[in-house]
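A structural walkthrough
Next come the chains, spelled out residue by residue.
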Amino acid sequence: MKLHVRYEGDDDPEKCSARKLARFDLAKLHRSARATPYGIVLNPHAEQALSPADREETDALVALDCSWETAERALFEMPGVHRALPFLVAANPVNYGKPFRLNTVEAFAAALTILGERDHAEEILSKFTWGETFLDLNAEPLRRYADCADSTEVVAVQQEYLDAGNAQRASGDSTAVDTNEGNADQSDR
């Protein structure tokens, strides 16, 4: 699957996972929505979750790379099939342990894994010292999402994780993950 990034360039270039993917010729950066090709757009505002059923849609994944502070709905106005990523936890150094705060390479790796391209996910994550940690932290949910038939099943599995996090917080477990951050997003690096 080809990886494309609608690149805003408004974050720290030293920490930008999209730029690093481009340097290794693993993704192509595009400076405008018009230049960005049609594909499965990883969009936290999408009404449908990404699922294995989306494999047949296209051979391209598209992510928006911008600062979390500027990630607005309007920036995601790109041609394609828009899908939200389900609950996952970031492993990148900026947002480690935070749910729904994935950077661009984590979003791509999650999508590739859900779509049945685990080897491709491992390849792109191998360029980051913390890359394998992302797959380790999210091993069970990624496996379960990849086993789903469609978006409805993905949302049901996601709800189990959100309910478990809420139950942990209600019981006073200080190790509970904050699951109230919103939908998954790939917009920060």
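To start, this report covers the structure provided alongside it. Computed from a predicted structure; not experimentally measured.

1. Quick notes on the packing of aromatic side chains
Inspection of the entire model under this criterion finds 4 aromatic pairs. Here the aromatic rings of phenylalanine 128 and tryptophan 130 are separated by 5.1 Å at their centres, their planes lie at 40°, and the arrangement is tilted. Take phenylalanine 128: its relative accessible area is 9%, and that puts it in the buried class. Arranged with centres 6.4 Å apart and planes meeting at 70°, the rings of tyrosine 145 and tyrosine 161 form a pair that is edge-to-face. With tyrosine 145 in helix α5 (residues 139–146) and tyrosine 161 in helix α6 (residues 151–170), the pair connects residues that are 16 residues apart, well separated along the chain. Judged by its relative accessible area of 16%, tyrosine 161 is buried. Chaining the aromatic ring pairs together yields one cluster made of Phe87, Phe100, Tyr145 and Tyr161. Residue placement shows lysine 20 over the ring face of phenylalanine 128; its charged tip is 4.8 Å from the ring centre. The aromatic ring of phenylalanine 24 is capped on one face by lysine 127, whose charged end is 4.6 Å from the ring centroid.

Criteria and thresholds
Residues numbered from 1 in each chain as written. Predicted model: local features only at pLDDT ≥ 70, side-chain atom pairs only at ≥ 80, totals over all residues. Heavy atoms only, no water. Phe/Tyr/Trp six-rings, centres within 6.5 Å; stacked < 30°, edge-to-face > 60°. Buried < 20%, exposed > 50% of the residue type's maximum accessible area, 1.4 Å probe, protein only. Helix = DSSP H or I, 4+ residues; strand = E, 2+ residues; numbered from the N terminus. Lys NZ or Arg CZ within 6 Å of the ring centre and 35° of its normal.

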